[in-house]
Amino acid sequence: MSMVPLPGLKEMVEGISKERNLPKHAVQAALREALLKGYERYRRTQKLDHFSEEYFDNFDVELDAEQEGFRVLANKTIVEEVENPDHEISLLEVQEVATEAQPGSIVLVDVTPNQKEFGRMAAIQTKQVLAQKLRDQQRKMIQEEFKDLEETVLQARVIRFERQSVILAVTSSFGQPEVDAELPKREQLPNDNYRANATFKVYLKKVGEGSTRGPQLLVSRADAGLVVYLFANEVPEIEDGVVRIVAVAREANPPSRHVGPRTKIAVDTLDRDVDPVGACIGARGSRIQVVVNELRGEKIDVIRWSPDPATYIANALSPARVDEVRLVAPEGRRAHILVAEDQLSLAIGKEGQNVRLAARLTGWKIDIKDIAKYDREAEDIKLEAEATRLEEEEEEVAGDYYEDEDEASGFDGEAEAAELAAEKAATDETAAPV
């Protein structure tokens, strides 16, 4: 078989592998693709015929690192009469070397050109394509390496800044090369200091696909998943399954700069001898303090989950003391929370943050009321009137729907009633005694 020489092939593959942090087989795959593009370019210059995008799908390049060269091979179908020599080969030609060959079989044929010009042109095309193919290989390796790590936490180091995003270097495991990840502005914490080489734990939200430029990994410091990981990592009872995290509501970037980041986390256990809240807080707050420090002072409320909605809502409004929870509209998940006057501001929270997080944690619409000014009868009347209004609106919508259906079908209710009355009168006359 003929071969196009590539002096220094072995050293080139090893050098690129080390420089790009790619395995040798990935570098060779990129090189084969680039050389195949060089062959395509050569063929297009040799013929004026138009080649479709799929025309060269049956061609491949074989690298020989020991002899420092490559061959171009093609899969061809054996036919009686050749119409396309790039895709077909004559049965008689094949039978000269393989007498048992039959039409319809596929054979691998060496189609490497002998022209010296081809080697020069292939080298030019290879330089143009190889860089892109290597980038594609890097992206593919990143996708394969990190896809299974989505929704997990990685260690990251700040390396540079692009617009409002922070570019971090992350690693998937010990000894692996670092990969760039993007931390957008919306995923940053207001109390973080993103100076060069500072290290953080980040939550891997998404591994990008395709050939878009820039980092493929989208990471977050504001996602609730980071809080879950930090507690699971710090509290052995969570990792062992004794304590479970039921729900998390986090406001890492509050709408106002006057309000700090805050998280509410609901925990539970089936073991009567274990206090889930105490397990998460730790002795003298030792466990929760580690989480707070990692989140740069973010306020965290750990509350006990309960299957009873009233108890759960009261717990979720911690640290406020709740006197009573009225589930005024259970089907609509609405509740009135009655608290003493001195607990109103604490229950609502600064700029409504406490009640907002409690509502998100429980999934209930929460109205905080002063128990001293709460008029139960008036509220009941108001709720009953609202329920009646909603029923009337539903009936009206349903009535409009059926009227529209009747109009569409040509049905006239009044005319139908008159016709039925006339038929009844005629029946009565016929049946009347003489």
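These numbers were taken from a predicted model, which means no experiment stands behind them. (Residues numbered from 1 in each chain as written. Predicted model: local features only at pLDDT ≥ 70, side-chain atom pairs only at ≥ 80, totals over all residues. Heavy atoms only, no water.)

## Focus: the sheet that holds strand β15 (residues 334-339)
Selection rule: Pairs of strands are assigned from DSSP output, requiring at least two bridges between the strands. Put simply, DSSP marks the helices as runs of H or I at least four residues long and the strands as runs of E at least two long, and each gets a number from the N terminus on. Comment: axis = line fitted to C-alpha atoms, over the contacting stretch for helices; angle = value between 0 and 180 degrees taken between N-to-C directions.
In space, the three strands of this open sheet follow the order β14-β15-β16, with mixed pairing throughout. Only two strands of the sheet have a single partner each, and these edge strands are β14 (324-329) and β16 (365-370). Recorded for the sheet is a direction-independent mean angle of 25 degrees between the axes of neighbouring strands. Sheet analysis places β15 next to β16, joined by six bridges and oriented parallel. Note that in β16 the partner of histidine 336 across the bridge is aspartate 367.

## Structural notes on the environment of valine 202
Inclusion rule: A contact between two residues is defined here by any heavy atoms of the two lying within 4.5 Å.
Here valine 202 shows up in strand β9 (residues 199-207). In this structure, the C-alpha to C-alpha distance between valine 202 and arginine 157, residues 45 residues apart in sequence, is 9.7 Å. Among all residues touching valine 202, those that are not within four sequence positions of it are Thr152, Val153, Leu154, Ala156, Leu168, Val170, Val219, Ser220 and Arg221.

## Quick notes on the pattern of salt bridges
Two side chains bearing opposite charge may form a pair once their charged atoms approach each other closely. Heads up, the rule is: For this analysis, a salt bridge means a side-chain nitrogen from Lys or Arg found within 4 Å of a carboxyl oxygen belonging to Asp or Glu. Think of it in three bands: with a 1.4 Å probe and only protein chains considered, a residue is buried below 20% of the maximum accessible area for its type, exposed above 50%, and partly exposed in between.
The tally for this structure, following the rule as stated, stands at 23 salt bridges. With a shortest N-O distance of 3.0 Å, arginine 160 and glutamate 162 are connected by a salt bridge. What makes arginine 160 partly exposed here is its relative accessible area of 32%. With a closest N to O distance of 3.0 Å, lysine 205 and glutamate 187 form a salt bridge. Here lysine 205 is found in strand β9, whereas its partner glutamate 187 is found in the loop between β8 (179-183) and β9, with 18 residues between them in sequence. Salt bridges sharing common partners tie together Arg186, Glu187, Lys205 and Asp223.

## Digging into the packing of aromatic side chains
Stated precisely, the cut-off is as follows: Each aromatic pair joins two rings of Phe, Tyr and Trp (for Trp, the six-membered one) with centres within 6.5 Å, and gets the label stacked for planes under 30 degrees apart, edge-to-face for over 60, and tilted for any other angle. Charge over a ring is defined by NZ of Lys or CZ of Arg lying within 6 Å of the ring centre and within 35 degrees of the ring normal.
Under the counting rule described, the total for this entry stands at six aromatic pairs. Between tyrosine 39 and phenylalanine 56, the ring centres sit 6.3 Å apart and the planes meet at 90 degrees, which makes this aromatic pair edge-to-face. With tyrosine 39 in helix α2 (residues 24-46) and phenylalanine 56 in the loop between α2 and β2 (59-64), this pair connects stretches of sequence that are 17 residues apart. Residue classification places tyrosine 39 among the buried residues on the basis of a relative accessible area of 3%. One aromatic cluster in this structure is built from Tyr39, Tyr55, Phe56 and Phe59. The lysine or arginine in question, arginine 244, covers the ring of tryptophan 305, its NZ or CZ lying 5.5 Å from the ring centre.

## So, the side chain of glutamine 353
Inspection of the secondary structure assignment puts glutamine 353 in helix α11 (residues 353-362). When sequence neighbours within four positions are dropped, the list of residues in contact with glutamine 353 reads Glu251, Pro254, Val259, Gly260, Pro261, Arg262 and Ile348.

## Considering the confidence of the model for the chain
Our working rule: The predictor rates its confidence in each residue with pLDDT, a number between 0 and 100.
Of all residues in the chain, 84% have pLDDT values of 70 or greater, and the mean over the chain is 84. Of all secondary-structure elements in the chain, the lowest mean pLDDT belongs to helix α13 (residues 413-431), at 55, while strand β12 (residues 262-269) reaches the highest, 97. Below a pLDDT of 50 lies the segment residues 430-434, which in the model reaches zero contacts outside its immediate sequence neighbourhood of four places, other chains included.

## A closer look at the nonpolar core
Basically, it comes down to this: Nonpolar cores were defined as sets of buried Ala, Val, Leu, Ile, Met, Phe, Trp, Tyr and Cys residues, with membership established by side-chain atoms within 4.5 Å.
Counting 42 residues, the largest nonpolar core has Phe146, Leu217, Phe231, Ile300 and Val302 as the members making the most contacts within it. Considering each element in turn, this core owes the most residues, five residues, to β9. Grouped together as the second largest cluster of nonpolar side chains are 33 residues, Ala34, Leu35, Val61 and Ala101 included.

## Considerations on the side chain of glutamine 343
Following the sequence through the fold, glutamine 343 ends up in the loop between β15 and α10 (344-348). With relative accessibility at 6%, the residue glutamine 343 sits in the buried group. Ignoring sequence-local partners within four residues, the contact set of glutamine 343 consists of Pro319, Ala320 and Arg321.

## Here's the deal with helix α5 (residues 224-234)
One turn of an α-helix holds 3.6 residues; hence residues three or four places apart share an orientation. So the rule is basically this: Polar contact is defined as a pair of N or O atoms within 3.5 Å, subject to the rule that within protein one atom must be able to donate a hydrogen and the other to accept it, and that residues adjacent in sequence are counted only when both atoms are side-chain atoms.
Within α5 the residues assigned to the buried category are Gly225, Leu226, Val227, Leu230 and Phe231. With a side-chain oxygen positioned 2.7 Å from the backbone nitrogen of glycine 225, the residue opening α5 is aspartate 223.

## Thoughts on the pairing of β12
The side chains of a regular strand alternate, first on one face of the sheet and then on the other. Among the eight residues in β12, eight count as buried, and that is most of the element. Both faces of β12 are covered, namely the face carrying Arg262, Lys264, Ala266 and Asp268 and the face carrying Thr263, Ile265, Val267 and Thr269. Bridge count between strand β11 (residues 243-251) and β12: eight bridges; the pairing is antiparallel. Across the sheet, the residue bridging to glutamate 251 is arginine 262, located in β12. By the bridge criterion, six bridges tie β12 to strand β13 (residues 299-304) in an arrangement that is parallel. By the bridge assignment, lysine 264 is partnered in β13 with aspartate 301.

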